[in-house]
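Each chain is listed here by its residues.
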Amino acid sequence: MSTESQNKPAAGIEFYGGYQVYDENGIDMTLLRENHKRTIEERLTDNARSVQLVYAMEDAGRRLRKAPPTDERRRSIFDASPILQQLAAHQVEFVIIGGLAMRVHGSAHVTDDLDVCYRRTPANMQAVAAAFAPLHVYLRGAPAGLAFRFDALTIQAGLNFTLTTDHGFVDLLGEVSGVGGYDQVLGRSVEAEMFGLTVRVLSLDGLIAAKKAAGRIKDRNHLLELEAMKKLSDAGPQGA
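The following paragraphs examine the structure supplied in this document. Remember, it's a predicted structure, so these values are computed and weren't measured experimentally.

The next subject is the overall build of the protein chain. Scanning the protein chain for helices and strands turns up eleven helices and nine strands. Burial statistics for the protein chain: of 240 residues in total, 42% are counted as buried. Of the roughly 12,800 Å² of accessible surface on the protein chain, a fraction of 52% belongs to carbon and sulfur atoms.

So, about the nonpolar core. Core analysis: the largest hydrophobic core is formed by 60 residues, its most contacted members being Leu84, Ile96, Leu114, Phe132, Phe150 and Met194. With six residues, helix 7 (residues 122–132) is the largest single contributor of residues to this core. Excluding residues within four positions of it along the chain, phenylalanine 132 makes contact with Ile83, Leu87, Val137, Phe150, Thr165 and Val170.

For an α-helix, 3.6 residues make a turn, and residues three or four places apart therefore share a direction. Burial in helix 10 (residues 204–214) covers these residues: Leu204, Gly206, Leu207, Ile208, Ala209, Ala210 and Lys211. The positive-phi residue at the C-terminal boundary of helix 10 is glycine 215, with phi of around 75 degrees.

Another point: helix 5 (residues 80–89). Those residues of helix 5 that fall on the buried side of the exposure criterion are Ala80, Ser81, Ile83, Leu84 and Leu87. Buried residues of helix 5 fall within an arc of 165 degrees about the axis and therefore sit on the same side. With a side-chain oxygen positioned 3.3 Å from the backbone nitrogen of serine 81, the residue opening helix 5 is aspartate 79. Just downstream of helix 5, glutamine 91 is the residue with a positive phi angle, here 55 degrees.

Of all five residues in strand 4 (residues 161–165), four are buried; the element is thus mostly enclosed. Relative to strand 4, strand 3 (residues 138–139) runs antiparallel, the two sharing two bridges. Residue pairing in the sheet places leucine 139 in a bridge with leucine 163 of strand 4. As paired strands, strand 4 and strand 5 (residues 168–173) are joined by five bridges and run antiparallel to one another. Bridging across to strand 5, leucine 163 finds its partner in valine 170. The hairpin formed by strand 4 and strand 5 contains two residues between the paired strands.

Scanning the entire structure with this criterion turns up 14 salt bridges. A salt bridge links lysine 211 to aspartate 219; the shortest N-O distance between them is 3.1 Å. In this structure, lysine 211 and aspartate 219 share a single accessibility class: buried. Three or more residues are tied together by salt bridges with common partners; here these are Arg38, Asp46 and Arg49.

Phi is positive for glutamine 91, which is not a glycine, with a value near 55 degrees. By relative accessible area, glutamine 91 is classed as exposed at 69%.

Further remarks concern the pairing of strand 2 (residues 113–118). Taken across its six residues, strand 2 has six buried, putting it largely inside the fold. The alternating pattern of strand 2 places Asp113, Asp115 and Cys117 and Leu114, Val116 and Tyr118 on opposite faces, both of which are buried. Inspection of the sheet shows strand 1 (residues 94–97) paired to strand 2 by four bridges, in the antiparallel sense. For isoleucine 97, the partnering residue across the bridge sits in strand 2 and is aspartate 115. Sheet topology note: the strand 2/strand 5 ladder contains five bridges and is parallel. Looking at the pairing, aspartate 113 lines up with phenylalanine 169 of strand 5.

For threonine 111, the location among the structural elements is in the loop between helix 6 (98–104) and strand 2. Owing to a relative accessible area of 5%, threonine 111 belongs among the buried residues under this scheme. One polar contact links threonine 111 to aspartate 113, side chain to side chain, over a distance of 3.0 Å. Non-local contacts of threonine 111, meaning those with residues more than four positions away in its chain, are made with Asn47, Val51, Phe78, Gly99 and Leu100.

Calculation rules
Residues numbered from 1 in each chain as written. Predicted model: local features only at pLDDT ≥ 70, side-chain atom pairs only at ≥ 80, totals over all residues. Heavy atoms only, no water. Helix = DSSP H or I, 4+ residues; strand = E, 2+ residues; numbered from the N terminus. Buried < 20%, exposed > 50% of the residue type's maximum accessible area, 1.4 Å probe, protein only. Areas by Shrake-Rupley, 256 points an atom, 1.4 Å probe, with all protein chains shown as cover. Core = buried A, V, L, I, M, F, W, Y, C linked by side-chain atoms within 4.5 Å. Contact = heavy atoms within 4.5 Å. Arc of directions from axis to C-beta. Polar contact = N/O pair within 3.5 Å; in protein donor to acceptor, adjacent residues only side chain to side chain. Pairing = 2+ DSSP bridges. Salt bridge = Lys/Arg side-chain N within 4 Å of Asp/Glu carboxyl O.

Below is the structure:
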């Protein structure tokens, strides 16, 4: 592909400066390039602010419609840091996946939950239960008053859990479509530094495999962005 065709704006829209704004799939490359210049913590802080804006807009829409507020969401303003601190403090074996992993790699996608894949050994399931114990865990979307105890026996009896906590939503997964169980996910992960912690995050290649396997409309949209991010990453600092 020639340099001229690479720099040609999508859909015939021309922008001042002549550089590539959108790729051939309509992904805004300017956002991805700017995110690559930020630290991981800056990317996650921007995400948290964006989530608050989304919630505020949803609340405004409910008021206009005179609809009742969503109490669960008001209770769960997303902040990944204290959840990750808890997991690290209890030496939980886990890998960050999903939207937050995308954000770590430089995505412009906004996410309001933490997705993690965890090792399903007895010791690690005990550690998971201990880490979440002080966070008032509850099943997301379940009716109020449901008898629910998030302990090692519950985790052993299940596999994947969608949870609410004091610090936001958490999806706890024992396996990832397109990648496999914890050992396979770990093998396709990379180290990342955030909030004073060293954690494992699913790689771009792993995220692409997971999104291809999921196949939902939102996953197909995420896949286009991930593939654009992969091209930037492969090109290195000069290409970014």
